[in-house]
Every structure is written in C-alpha cells, then in structure tokens.
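Listed here are the chains, written in short residue letters.
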Amino acid sequence: MLDTYRHKGMRKKLVESIKQKGITNENILNAINKIPRHLFLDSSFLEYAYDDKPFPIGSGQTISQPYTVAFQSQLLDVQKGNKVLEIGSGSGYQACVLEELGAKVFSIERQKKLYLKTKTFIAELGYKARFFYGDGNKGVPAFAPYDRILITAAAPEISNELLKQLKPGGKLIVPLGKGDVQTMIRITKTADNKLIEEKFGSFRFVPMLRNKADD
Ligand code: SAH
C-alpha cells in the first residue's frame, strides 16, 4: 500500500480546495491531508482520487465527495473521546476521518461484500473503528448510547430506534429527503430529551436501504 510524495502533494491541493469551499475546522483539514484516499478506490481511479468528487466503490455504492465528508464532519462537531455511530460505512473513509478527530467509531453497512472488504482494509490501515453488518435504521444498540450519529445515505425519515440511541446533549446529522436531492439536517437532543432541528442546504446521497434482505 503505497503513499508517495506525489499523492501527498495531490492531497494538499485537495485540502486547499475544500478550504476555499468554506471548511474551516483545522482538525478536519488535517485528517483529509493525512488519509491516503487513493487507497480507498479501485486502482483504475487512482488518477482521480484527489479530485473533490464522489466515486463508485462497488455494490452500486459511492465514496462521498471529500467536501461532503468534511461538511458533515464539521456539523457533527466531534469532541475527543466521543462515541460516534456512522450509518453507511461504504469505503470506510469517513470512519477514518472521524477516528482522526478523536472519536471512538462504530459503523454499520447494509451491503455484505462492502462490509467485509472495508472491515479488513481499515484494520490493515491501522484504524480501530469497529464495523457492523446490518440495517442502520436499527442502529447498533449493543454499544448505545452515542454522543454523535452520522448518517451518510439519503434517509426518507429518521427511525425512532436511532433517535433513542442518541445521548442527551448528542447530535445527529442526516441528509433527509425522499427524492434525488436531500436537505442536510442536524438534530440536537437537549438534556431534557427535546429534539432541535437545523437545516444546512441541499446534497445528493445514494438512498438508505430499507427492508433489504440479508446477502
Ligand atoms: N460513508 C461512506 C460513503 C457512504 S455511501 C464512505 O466514507 O465511503 C452510503 C452507504 O450506505 C453505502 O455503502 C450503502 O450501502 C450504505 N447503506 C445504504 N442503506 C443502508 C442501511 N439501511 N444501513 C446501513 N448502511 C446502508
């Protein structure tokens, strides 16, 4: 697994372009500067790995655009030591960004092939994030509650099971919507269990699967 000066140079440029698009959190920019994104893509995409674009990763899924990863991470407002649940592991790239921010990461994926590939690869890279196979709508109750929950697929609604797994004082980020375009929403659970909702613009994510049979 090779990370060369050329790749490092390309990453620096990527970080600059994300900065220009409005990401100010230094810890997030440092994480993107550090993580070798080209290793998360099939080799045929090597030349494009540091464009600020999403890419196919198999099983009909995509690795999110770096700007979107940074934007969601910024809204999530991760604090060192936070327990974070990610819905939609995909390539594992976002999970690594969260870990670089000091989170204890739990991540669930609905596609078995992707789950198996990602779990092995991320461990090889030296990250400790824990991966689960299953339906993210149900969360991962065994390790709940979480300080933060990040949904990285388009959700038509947020399940009560997930909301239950969020700590009081916790935050949940979700691209919410039924169609091609979703609204980025942040839900904050107050100390007395009230939910506050804020909106942060439009995005396009692959849909969150519901009632999919196990592979
Ligand atoms: N966070 C990923 C990109 C996610 S793309 C990364 O950093 O690469 C969205 C992912 O959500 C896909 O891998 C898709 O298979 C997964 N997904 C879709 N529905 C799901 C569900 N119900 N539960 C868990 N994962 C789901």
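The structure under discussion appears in the preceding block.
Rules of the game
- Residues numbered from 1 in each chain as written.
- Predicted model: local features only at pLDDT ≥ 70, side-chain atom pairs only at ≥ 80, totals over all residues.
- Heavy atoms only, no water.
- Helix = DSSP H or I, 4+ residues; strand = E, 2+ residues; numbered from the N terminus.
- Rg over C-alpha atoms; globule rule 2.2 N^0.38 Å.
- Buried < 20%, exposed > 50% of the residue type's maximum accessible area, 1.4 Å probe, protein only.
- Lys, Arg positive; Asp, Glu negative; His and termini not counted.
- Charge placed at Lys NZ, Arg CZ, Asp CG, Glu CD.
- Core = buried A, V, L, I, M, F, W, Y, C linked by side-chain atoms within 4.5 Å.
- Contact = heavy atoms within 4.5 Å.
- Axes fitted to C-alpha atoms, helices over the stretch in contact; angles between N-to-C directions.
- Parallel < 35°, antiparallel > 145°, perpendicular 65-115°, else oblique.
- Left-handed = near helix turned anticlockwise from the far one by under 90°.
- Nonpolar A, V, L, I, M, F, W, Y, C, P; charged D, E, K, R; others polar.
- Pairing = 2+ DSSP bridges.
- Right-handed = clockwise from strand over helix to strand, strands pointing away.
- Phe/Tyr/Trp six-rings, centres within 6.5 Å; stacked < 30°, edge-to-face > 60°.
- Near = heavy atom within 4 Å.
- Polar contact = N/O pair within 3.5 Å; in protein donor to acceptor, adjacent residues only side chain to side chain.
- Areas by Shrake-Rupley, 256 points an atom, 1.4 Å probe, with all protein chains shown as cover.

**A closer look at the overall build of the chain**
Consideration 1: Within the chain one finds six helices and nine strands.
Consideration 2: Computed over the C-alpha atoms, the radius of gyration of the chain is 16 Å, within 12% of the 17 Å expected from 2.2 N^0.38 for a compact globule of 215 residues.
Consideration 3: Relative to its 215 residues, the chain shows a buried fraction of 51%.
Consideration 4: Of note, the chain has its 33 positive side-chain charges centred 2 Å away from the centre of its 23 negative side-chain charges.

**Description of the nonpolar core**
Consideration 1: One finds Ile18, Ile23, Ile32, Phe40, Tyr93 and Leu98 to be the most contacted residues of the largest nonpolar core, which totals 45 residues.
Consideration 2: Where this core is concerned, the elements lending two or more residues are α1 (5–20), α2 (26–34), β1 (55–58), α3 (66–76), α4 (93–100) and α5 (112–125).
Consideration 3: In terms of residue count, α3 provides more of this core than any other element does, six residues in total.
Consideration 4: Contact partners of Ile18, with chain neighbours within four places excluded, come to Ile23, Leu29, Ile32, Asp52, Pro66, Tyr67 and Ala70.
Consideration 5: Among the nonpolar cores identified, the runner-up in size contains 20 residues, and Ile108, Ala153, Leu163 and Leu166 belong to it.

**Description of unusual backbone geometry**
Consideration 1: For the bond from Ala144 to Pro145, the omega torsion is 0 degrees, close enough to zero to count as cis.
Consideration 2: Summarising the element assignment, Pro145 is placed in the loop between β5 (130–133) and β6 (146–151).
Consideration 3: Phi is positive for Asp77, which is not a glycine, with a value near 55 degrees.
Consideration 4: Its location among the elements puts Asp77 in the loop between α3 and β3 (83–87).
Consideration 5: For Asn193, which is not a glycine, the phi torsion comes out positive at approximately 65 degrees.
Consideration 6: Note on Asn193: relative accessible area 48%, which makes it partly exposed.

**A look at the packing of α3 against α4**
Packed helices, taken two at a time, are described by their axes: the angle between them and the distance between them.
Consideration 1: With their axes 11 Å apart at the nearest point, α3 and α4 run at an angle of 40 degrees to one another. Here α3 is positioned oblique relative to α4, judged by the angle of their axes. As for how α3 packs across α4, the hand of that crossing is right-handed. Contacts from Val69, Gln72, Ser73 and Leu76 in α3 reach Tyr93, Gln94, Val97 and Leu98 in α4.
Consideration 2: The residue makeup of the contact of α3 with α4, split by class, is five nonpolar, three polar and no charged.

**Concerning the pairing of β3**
Consideration 1: For β3, the tally of buried residues reaches four of five residues, placing the bulk of the element in the interior.
Consideration 2: In terms of strand pairing, β3 meets strand β4 (residues 104–109) through five bridges, oriented parallel. Paired with Leu85 across the bridge in β4 is Phe106.
Consideration 3: The handedness of the β3 to β4 crossover, carried by α4, is right-handed.
Consideration 4: The pairing of β3 with β6 spans four bridges and is parallel. If you follow Leu85 over to β6, its bridge partner there is Ile149.

**Here we look at the packing of aromatic side chains**
Consideration 1: Throughout the structure, instances matching the rule amount to ten aromatic pairs.
Consideration 2: Relative to Phe55, the ring of Tyr48 lies with its centre 6.1 Å away and its plane at 40 degrees, an arrangement referred to as tilted.
Consideration 3: With a relative accessible area of 10%, Phe55 lands in the buried category.
Consideration 4: Ring plane angle 35 degrees and centroid distance 5.8 Å describe the contact between Tyr67 and Phe71, whose orientation is recorded as tilted.

**Re the site of the ligand**
Consideration 1: Residues in close proximity to the ligand total 28 residues, the closest being Glu86, Ser91, Glu109, Gly136 and Leu209.
Consideration 2: Take Gln94: an N or O atom from its main chain is 3.0 Å from an oxygen atom of the ligand.
Consideration 3: Measuring from a nitrogen atom of the ligand, one finds a backbone N or O atom of Gly136 at 2.8 Å.
Consideration 4: For the ligand, the protein covers 99% of the area, taking 580 Å² as the surface of the free molecule.
Consideration 5: When residues of the shell around the ligand are traced back to their parent elements, those giving at least two are β2 (61–63), β3, α4 and β4.
Consideration 6: Looking at which element gives the most residues to the shell around the ligand, the answer is β2, with three residues.

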